[in-house]
Amino acid sequence: MTMPSTAALLRRHVHGLEHLTDTSPVGRVVRAGSLAFTDSGTDLAPFNSITVTGAAWSVRDLERAAELAVEVGRPWSITVQQGGSVPGDAARLRAVQRVAAAHGLTERDADPFLACRPGDFRATGAVGTGDAEGEPSVATVSAVARVEYTATLAAGFDVPATAFGDVFGGSLLDDPLVTGYLVRAGRHAIGTGLGIRTDDVVGVHNIAVVPGARRRGAGRAVSERVVLDGFARGAAAASLVSSDDGLPLYRSLGFRQVDTLVRWSAPDGPDER
């Protein structure tokens, strides 16, 4: 099975995030010509973002989208595809950096954008049944479990329990394109995952494990389950944004880096450090 191009993977990634935001009871997508601002309804800057990829965008639209983000009044960010060494990629980065700096977004983070096709995926059998002592089990969850899912996700991301609010409320976890996962050890939820299907790609999101349960296979188990379920439903590829710490895990599963996503946000204030 042929891997979709990087441009196609990034388009699916952006469309998946927009679908998730639109489906959330507190989110909305505000469009500005060729670009859009995804307003998650939270105060988490990475979740309130303008994403710039490919060539089908304009600086004018980016400035308009930035104005819309400012009007919302929540922390926000701009994410841009780093691309390769061609002049157009470098020009895109410079233009985004200028607009970001004009709005005080000077904190730079760069995260690997990874992809894997079914033939390259190396499952390790980490998806357990929970029968063995300490073995994590992974199960899909519906909207009925939204409170538990949100609390576990917040703990896994090391943010306050109220940080996500009602983002995963309503019927979001029942949406046909969205699949939520909880990892359990015994009766306790210790991790989360989320799959978003966009055309022929499954996006892997929200891989988080609570403190005290990390480095015991829970992250690997839920990552494998999200990807395997996506491939079973016909996806031609899986994609995700990884931290540097997560790279060894995803490379061991057969993912390879196809690009880098650079995010600009406002520096933390003195009271937030």
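Remember, it's a predicted structure, so these values are computed and weren't measured experimentally. (Residues numbered from 1 in each chain as written. Predicted model: local features only at pLDDT ≥ 70, side-chain atom pairs only at ≥ 80, totals over all residues. Heavy atoms only, no water.)

1. Observations concerning the nonpolar core
So, step 1. If you look at the biggest cluster of nonpolar residues, it comprises 25 residues, and the most contacted ones within it are Phe-121, Val-227 and Phe-255.
So, step 2. Broken down by element, this core gets its largest block of residues, six residues, from helix H5 (residues 218–232).
So, step 3. Aside from chain neighbours lying at most four places away, what touches Phe-255 is Leu-114, Ala-115, Cys-116, Phe-121, Val-227, Ala-238, Ser-239, Leu-240 and Tyr-250.
So, step 4. Ranked by size, the runner-up nonpolar core spans 21 residues in total, among them Leu-35, Val-52, Trp-76 and Ala-100. (Core = buried A, V, L, I, M, F, W, Y, C linked by side-chain atoms within 4.5 Å. Buried < 20%, exposed > 50% of the residue type's maximum accessible area, 1.4 Å probe, protein only. Helix = DSSP H or I, 4+ residues; strand = E, 2+ residues; numbered from the N terminus. Contact = heavy atoms within 4.5 Å.)

2. Focus: the packing of aromatic side chains
So, step 1. A full pass over the atoms with the stated rule returns seven aromatic pairs.
So, step 2. A ring pair is formed by Phe-121 and Phe-231, whose centres lie 5.9 Å apart and whose planes are at 85°; its orientation type is edge-to-face. In this pair, Phe-121 sits in the loop between strand S5 (107–116) and strand S6 (137–141) while Phe-231 sits in helix H5, placing the two residues 110 residues apart along the sequence. There is no split in this pair, since Phe-121 and Phe-231 are both buried.
So, step 3. Seen from their ring centres, Phe-157 and Phe-164 are 6.1 Å apart, and the 45° between their planes marks the pair as tilted.
So, step 4. Phe-164 gets classed as buried once you look at its relative accessible area, which sits at 2%. (Phe/Tyr/Trp six-rings, centres within 6.5 Å; stacked < 30°, edge-to-face > 60°.)

3. Side note on the sheet that holds strand S4 (residues 77–81)
Strand pairs in the sheet, formed through backbone hydrogen bonds, run parallel or antiparallel to each other.
So, step 1. Strands sit in the order S1-S2-S3-S4-S11-S5-S10-S9-S8-S7-S6 across an open sheet of 11 strands; the sheet is mixed. Each edge of the open sheet carries a strand with a single partner, namely strand S1 (28–32) and S6. Strand after strand, the sheet turns through a mean of 25° between neighbouring axes, direction not considered.
So, step 2. Relative to strand S7 (residues 178–185), S6 runs antiparallel, the two being bridged by five bridges. Residue pairing for S7: Val-138 is matched across the bridge by Val-183.
So, step 3. Against the sheet, helix H3 (residues 87–102) contacts strand S3 (49–52), S4 and strand S11 (256–265), and its axis sits at roughly 175° relative to S4. (Pairing = 2+ DSSP bridges. Axes fitted to C-alpha atoms, helices over the stretch in contact; angles between N-to-C directions.)

4. Structural notes on the environment of Arg-197
So, step 1. Of note, Arg-197 is situated in strand S8 (residues 188–198).
So, step 2. Each C-alpha atom of the pair Arg-197 and Gly-234 lies 9.9 Å from the other, and the pair is 37 residues apart in sequence.
So, step 3. Leaving out residues up to four positions away in the same chain, Arg-197 has contacts with Pro-176, Leu-177, Thr-179, Val-202 and Arg-233.
So, step 4. At 3.3 Å, the side chain of Arg-197 and the side chain of Thr-179 are in polar contact. (Polar contact = N/O pair within 3.5 Å; in protein donor to acceptor, adjacent residues only side chain to side chain.)

5. Description of helix H1 (residues 6–23)
So, step 1. Taking 1.5 Å of rise per residue, the 18 residues of H1 would be expected to cover 26 Å, and the 26 Å separating its terminal C-alpha atoms lies within 8% of that figure.
So, step 2. Listed as buried for H1 are Ala-8, Leu-9, Leu-10, Arg-12, His-13, Val-14, Gly-16, Glu-18, Leu-20 and Thr-21. (Expected span 1.5 Å × (residues − 1).)

6. Observations concerning the pairing of strand S10 (residues 237–241)
The two faces of the sheet receive side chains in turn, since in a regular strand these alternate between them.
So, step 1. In terms of burial, S10 is largely enclosed, as four of its five residues are buried.
So, step 2. Strand direction decides the pairing type here: S5 and S10, joined by four bridges, are antiparallel. Note that in S10 the partner of Cys-116 across the bridge is Ala-238.
So, step 3. When strand S9 (residues 201–209) meets S10, the two strands line up parallel, connected through four bridges. The partner of Val-201 across the bridge, within S10, is Ala-237.
So, step 4. A crossover connection joins S9 to the parallel S10 through H5; in handedness this β-α-β unit is right-handed. (Right-handed = clockwise from strand over helix to strand, strands pointing away.)

7. Digging into unusual backbone geometry
So, step 1. Phi at Asp-158 is positive, roughly 60°, even though this residue is not glycine.
So, step 2. Tracing the sequence through the fold places Asp-158 in the loop between helix H4 (146–156) and S7.
So, step 3. Its identity as a non-glycine residue notwithstanding, Asn-206 has a phi of 55°, on the positive side.
So, step 4. Looking at where Asn-206 falls in the secondary structure, it is placed in strand S9.

Keep in mind these values describe shape, not function.
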